[in-house]
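Examining the three-dimensional arrangement
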Amino acid sequence: MNILIVEDSLSLRRSLRLGLTNLGFTLDDTGDGAEGLSMALTGDYQLLILDIMLPGLDGLSILKALRKAKSNIKVLVLSAKDLPQDKVKGLLEGADDYMTKPFSFDELHARLVSLMRRGDLCVALNKICIDDFSLDINLKQLFYGNAEVVLTPNEYKIIECLFTNQNKVISPEKLSEYIVGQYDVISKNSIEAHLSSARKKIKGLGGYLPVKTKRGFGYIASNG
């Protein structure tokens, strides 16, 4: 997935580039509004992370120009302007989501995943591949090669969470929240049991689940 970041803070651009690259995204960035608009209109980007207060051309003007040009790029506004009217204005001008600074990187990632699942992006991004595995997010199915791995709902949710956060260690607490929500809890032993069951099913097909345990920290899905 190609992401464009238009943000005038060099340190924030570097931080976002490092974090999102580690998650497997492909990135370009600029600190100039006019250059950002040109890149968004001519480049092959699926998602734009956009600041509002920019030199050259402000973020709202970029939004207006993109929507006037019938661009389907998904736009996540990331701005220090945090008043309700600022958020409303950004959304009405064409933003798909709006986050305020300072922000949690985990929340930013979650919102990007949510945007990936919406509309046209689902067609291109409904599959996540790691080694010989393909996870179809729309159909809620995991394949090893051409063979489907028949998973229970909880087994699937664990693997979906780890695959969508590939190359990132996910704690048992985060997995629990992903599976049952923030108002319930699933124990680490239960998570281990679900992973063990999934591994056995995959081993029966001749494969090995690309998920490793980082003792004391959690789990990570990555290419072998």
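Residues numbered from 1 in each chain as written. Predicted model: local features only at pLDDT ≥ 70, side-chain atom pairs only at ≥ 80, totals over all residues. Heavy atoms only, no water.

Regarding the pattern of salt bridges
Tallied over the full model, the rule gives 13 salt bridges. Here R67 ties to D96 by a salt bridge, and the two come within 3.1 Å at their closest N and O atoms. Linking R67 in helix α3 (residues 59-68) with D96 in the loop between α4 (84-92) and β5 (97-100), this pair joins segments that are 29 residues apart in sequence. Here R67 falls in the partly exposed class, since its relative accessible area comes to 24%. The salt bridge partner of D106 is K168, with a shortest N-O separation of 2.5 Å. Remark: K168 occurs in the loop between α7 (153-164) and α8 (172-180) and D106 occurs in helix α5 (residues 105-116); sequence separation between them is 62 residues. By relative accessible area, K168 is classed as buried at 19%. Via salt bridges that share partners, E7, D51 and K101 belong to a single interconnected network. (Salt bridge = Lys/Arg side-chain N within 4 Å of Asp/Glu carboxyl O. Helix = DSSP H or I, 4+ residues; strand = E, 2+ residues; numbered from the N terminus. Buried < 20%, exposed > 50% of the residue type's maximum accessible area, 1.4 Å probe, protein only.)

Things to note about unusual backbone geometry
For residues that are not glycine, phi is negative in most cases, and the peptide bond is trans in most cases. In this structure, the amide linkage connecting K101 to the following residue, P102, adopts the cis form with an omega of -5 degrees. Of note, P102 is situated in the loop between β5 and α5. We note that N167 has phi near 70 degrees; this positive angle belongs to a residue other than glycine. Its place among the elements puts N167 in the loop between α7 and α8.

Notes on the side chain of D97
Turning to its location among the elements, D97 is positioned in strand β5. Within the local environment of D97, its side chain forms a polar contact with the side chain of R111, the two groups lying 2.9 Å apart. (Polar contact = N/O pair within 3.5 Å; in protein donor to acceptor, adjacent residues only side chain to side chain.)

Let's talk about the UniProt feature "modified residue: 4-aspartylphosphate" (unreviewed entry) in the chain
Per the UniProt record, "modified residue: 4-aspartylphosphate" (unreviewed entry) is annotated on D51. As for its placement among the helices and strands, D51 is situated in the loop between β3 (47-50) and α3. Contact partners of D51, with chain neighbours within four places excluded, come to V6, E7, D8, G59, L78, S79 and K101. (UniProt positions renumbered as here; feature names shortened; annotations may be inferred. Contact = heavy atoms within 4.5 Å.)

Digging into the side chain of T30
For T30, the location among the structural elements is in strand β2 (residues 26-30). Note on T30: relative accessible area 4%, which makes it buried. A distance of 2.6 Å separates the side chain of T30 from the side chain of E35, its partner in a polar contact. Beyond its immediate stretch of four places on either side in the chain, T30 contacts I5, V6, E7, R13, E35, G36 and M39.

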